[in-house]
There are 2 protein chains.
Amino acid sequence: MNIVVAQSGGPTAAINATLAGVIKAGFEAGEIETVYGSLHGIEGLINDNLIDISTKVKNDDDIKLLAATPSSALGSCRYKMKNPNEDPSDYEKVFAVMEARNIGAFFYIGGNDSMDTVNKMSIYAKENGKSQRIIGVPKTIDDDLCVTDHTPGFGSAAKYVTTSMKEILCDAEVYDLKSVTIVEIMGRDAGWLTASSVLLRNDGSSAPHLIYLPESDISVQTLISDVKAQLEKHNSVMIALSEGVILDGQATSSSGTVDNFGHLVMSGASKTVEDIVKKEIGCKVRSIELNVMQRCGSHIASKTDIDESLMIGQAAVKAMLNGKTGKMMAFRRVSEDPYKVEIISADTADVANHVKHFPQEWITDHGSNVSDEAIKYFLPLIQGENEVIYENGLPKQIKLK
Amino acid sequence: MNIVVAQSGGPTAAINATLAGVIKAGFEAGEIETVYGSLHGIEGLINDNLIDISTKVKNDDDIKLLAATPSSALGSCRYKMKNPNEDPSDYEKVFAVMEARNIGAFFYIGGNDSMDTVNKMSIYAKENGKSQRIIGVPKTIDDDLCVTDHTPGFGSAAKYVTTSMKEILCDAEVYDLKSVTIVEIMGRDAGWLTASSVLLRNDGSSAPHLIYLPESDISVQTLISDVKAQLEKHNSVMIALSEGVILDGQATSSSGTVDNFGHLVMSGASKTVEDIVKKEIGCKVRSIELNVMQRCGSHIASKTDIDESLMIGQAAVKAMLNGKTGKMMAFRRVSEDPYKVEIISADTADVANHVKHFPQEWITDHGSNVSDEAIKYFLPLIQGENEVIYENGLPKQIKLK
């Protein structure tokens, strides 16, 4: 039997580590002959745009290099499969390609929307007597998927965000004057990544002084009085601001464009808050977007995240060989100290189209901060530094497409 | 004799390495008893706000930690000393503090404006029979100081910029559609840091496809046709854009505020170009500011830069002990292959208030690109990765103030 793997959604620093895990397990399994890569997510499978991975990944060094390469090496898509009851044509194409190429299993590495695709494909297979097994492997820097303790890619993003914020704080504190630094962090619906900035307080720092999440609905007046109160206590106030923050019941940022899934594409929350602070308080203000670097900063990837991401890719292949289909692989935290996870499989229906929000009980100070309790959850996920291979002073990467 | 050291201007990832060099040489020199740190640049000396460094830096581990800590550990200022002929009061205060504390030498680590201060102070000392020696040590991520081959701090900023751009490129190339990614890089007057992005082409990449510097005066129409031409050849076009770029003879970005030296504080060049590309071409466009992270990203500092920055700090103390005053320490590149620099001392008058522009002969394609010739100059400066000490998953830093 052959297998095929694809990547979807926004890039992360660990999504290629999961791909490397699927490839490694595929190469090692006696039952599997060829590991195909589908270019640009499900679109590659619809259009029979596949590559034989063994032409690109030839040895363990390549596996290691792939695991350290950011973003989706097979390319990504934001294509939404229609409901098969409305229009089965995409499904017919996908299964025809798999049958023609003797492909017995499809692995989809992606987020919420990809798990929806896995769910629909496995239902279609069941209802139409198809034998192919369909397995989802999670990835998202947002950490907002249900069932799993955390998502591959999140730890590396959190390590990038907290490392950068620790360095930005050094930068912000050099002048002897009152200043506010606003750091905008990704997270449209859930504030996990923004909340991870609480890790800065782990070594006694008072920063970030304010943390605003999409889950913490606050008013502009509260924001202003929060900032004023912090400026009385600290020269240099740092705010961790989620891009999806809600002020006076409204999203603060929007480019007005909408992606294929109907999600609003956002930018500019920090500029909005910068303008408010400038106008209402008048001190020095700087806003900083960590932008795409927070999801592709492989040079500062968490070793824990990369190792786990590779393992969950391997586990997906094993689960498929054991007969699983329509499942998403997930982490279960079985021990806190020492930190230990095991990999389980969950029903994609429990994951698709749901969002796991940051817990209300960890949101403090009327929505302006995060409890130090959350540190225990976040801390193991940023541990260790994944080895980077440098060539001529820059990180080396592998190209698959 | 005692000595005092201060830091000024914008932070870099290497300015504390130079401070560590001054401290190390100060501790090791038999003639020197106490090494004082002046808090917030020259302002600390004017107000007698000094610390005894030995209370904070106790051993070689602390020296190493200081060299790996970003930003100015002693704090910074943007205070401009008046001309002593107009108002000598600041000079009188500074020399009175030095005399009261038996300080025989002042080391000022900073950029262009700090070298102006060193120049004025050494002239004042000469004209008023003061024995104190005044030495400048350069720092700036802009690399725009005259006389020196390059500036401490530049190599680390270039390593951050090029590493981030290489990763951003992976991120930008995932979707199968035409897109333009604009990366805004610091450099108000000189394009060295933006031009260093040419290093991405060292391993065969076509990116960055366009590089616009403050030195490359172009028109909006040329920009549009440049981008259109690149989009015909490449799916994903990457532009390296200096914050100080000139379009149609005008600065593209300005917050309208002016610092104490009369410099315009800028932001938003990339947003301006993003809007132009969106309106005139209409493809997917993303603009990314590398913001302050490019000057404080110690976790990806160039080992060459940190080593050289430490060395130039030590050399400054040696030069002072040899009787030098009114000088700025500088690098001279004595060999290209293998790369080798020696440290010399230059007249501050040749440095202060001058800007070293990026050479016109390396600007190609009517101002839209940089010649691969420039790679030879940049490449040695980003070599090696300075060791980072991690604690609980985050880089460890030292605090002096």
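You'll find the structure just up there.
Please read these numbers as outputs of a predicted model, since none were measured by experiment. (Residues numbered from 1 in each chain as written. Chains lettered and ligands numbered in written order. Predicted model: local features only at pLDDT ≥ 70, side-chain atom pairs only at ≥ 80, totals over all residues. Heavy atoms only, no water.)

Caption draft 1: Region of interest: the relation of the copies chain A and chain B. Between the two copies, chain A and chain B, the superposition gives an RMSD of 0.0 Å; the rotation angle is 180 degrees and the shift along the axis is 0.0 Å. The operation mapping one copy onto its partner corresponds to a two-fold rotation axis. In terms of proximity to the rotation axis, the leading residue of chain A is A:Glu289, whose C-alpha is 3.7 Å off the axis. Interface overlap between copies is the fraction of interface residues in one copy that are interface residues in the other; for chain A against chain B it reaches 100%, indicating a shared surface. (Least-squares fit on C-alpha atoms with pLDDT ≥ 70 in both. Contact = heavy atoms within 4.5 Å.)

Caption draft 2: Molecular detail of the side chain of B:Ser309. Residue and element names in this part refer to chain B. Along the polypeptide, Ser 309 turns up in helix 11 (residues 303–321). With relative accessibility at 0%, the residue Ser 309 sits in the buried group. Contact partners of Ser 309, with chain neighbours within four places excluded, come to Ala 14, Ala 17, Thr 18, Pro 152 and Gly 153. (Helix = DSSP H or I, 4+ residues; strand = E, 2+ residues; numbered from the N terminus. Buried < 20%, exposed > 50% of the residue type's maximum accessible area, 1.4 Å probe, protein only.)

Caption draft 3: Inspection of the packing of aromatic side chains at higher detail. All names here are of chain A. For the structure on display, the rule yields 21 aromatic pairs over all chains. Here the aromatic rings of Trp 192 and Phe 378 are separated by 6.5 Å at their centres, their planes lie at 75 degrees, and the arrangement is edge-to-face. Of this pair, Trp 192 sits in helix 7 (residues 192–195) while Phe 378 sits in helix 12 (residues 374–378); the two residues are 186 residues apart in sequence, bridging distant segments of the chain. Accessibility classification places Trp 192 together with Phe 378 in one group, the buried group. Site record: aromatic cluster; members linked through ring pairs are Phe 154, Trp 192, Phe 358, Trp 362, Tyr 377 and Phe 378. Its end group placed over the ring of Tyr 36, Arg 101 keeps NZ or CZ at 5.1 Å from the ring centre. (Phe/Tyr/Trp six-rings, centres within 6.5 Å; stacked < 30°, edge-to-face > 60°. Lys NZ or Arg CZ within 6 Å of the ring centre and 35° of its normal.)

Caption draft 4: Inspection of the sheet that holds strand 1 (residues 2–7) of chain A at higher detail. Residue and element names in this part refer to chain A. Spatially, 3-2-1-4-5-12-13 is the arrangement adopted by the 7 strands of the open sheet, whose pairing is mixed. Unpaired on one side and paired on the other, strand 3 (50–52) and strand 13 (339–347) mark the two borders of the sheet. The average angle at which neighbouring strand axes cross in this sheet is 30 degrees, direction not considered. With 6 bridges joining them, strand 4 (residues 103–110) and strand 5 (residues 133–138) adopt parallel strand pairing. Looking at the pairing, Ala 105 lines up with Arg 133 of strand 5. (Pairing = 2+ DSSP bridges. Axes fitted to C-alpha atoms, helices over the stretch in contact; angles between N-to-C directions.)

Caption draft 5: Highlighting the sheet that holds strand 13 (residues 339–347) of chain B. Residues and elements named next belong to chain B. The 7 strands lie next to each other as 3-2-1-4-5-12-13, forming an open sheet whose pairing is mixed. The open sheet has two edge strands with one neighbour each: strand 3 (50–52) and strand 13. On average, each strand axis in the sheet is inclined to that of its neighbour by 30 degrees, with strand direction left out of account. As judged from the 6 bridges shared by strand 1 (residues 2–7) and strand 4 (residues 103–110), these two strands associate in the parallel manner. Note that in strand 4 the partner of Gln 7 across the bridge is Ile 109. Along the sheet face, helix 5 (residues 112–127) touches strand 4, strand 5 (133–138) and strand 12 (327–336) and points at about 165 degrees away from the line of strand 5.

Caption draft 6: Representation of the pairing of strand 1 of chain B. All names here are of chain B. Here strand 1 lies mainly inside the structure; 6 of its 6 residues are buried. On strand 1, burial covers both faces: Asn 2, Val 4 and Ala 6 on one face and Ile 3, Val 5 and Gln 7 on the other are all buried. Two elements, strand 1 and strand 2 (residues 35–38), share 3 bridges in a ladder whose sense is parallel. Paired with Val 5 across the two strands is Gly 37, which belongs to strand 2. As a crossover connection, the stretch from strand 1 through helix 1 (residues 15–28) into strand 2 is right-handed. (Right-handed = clockwise from strand over helix to strand, strands pointing away.)

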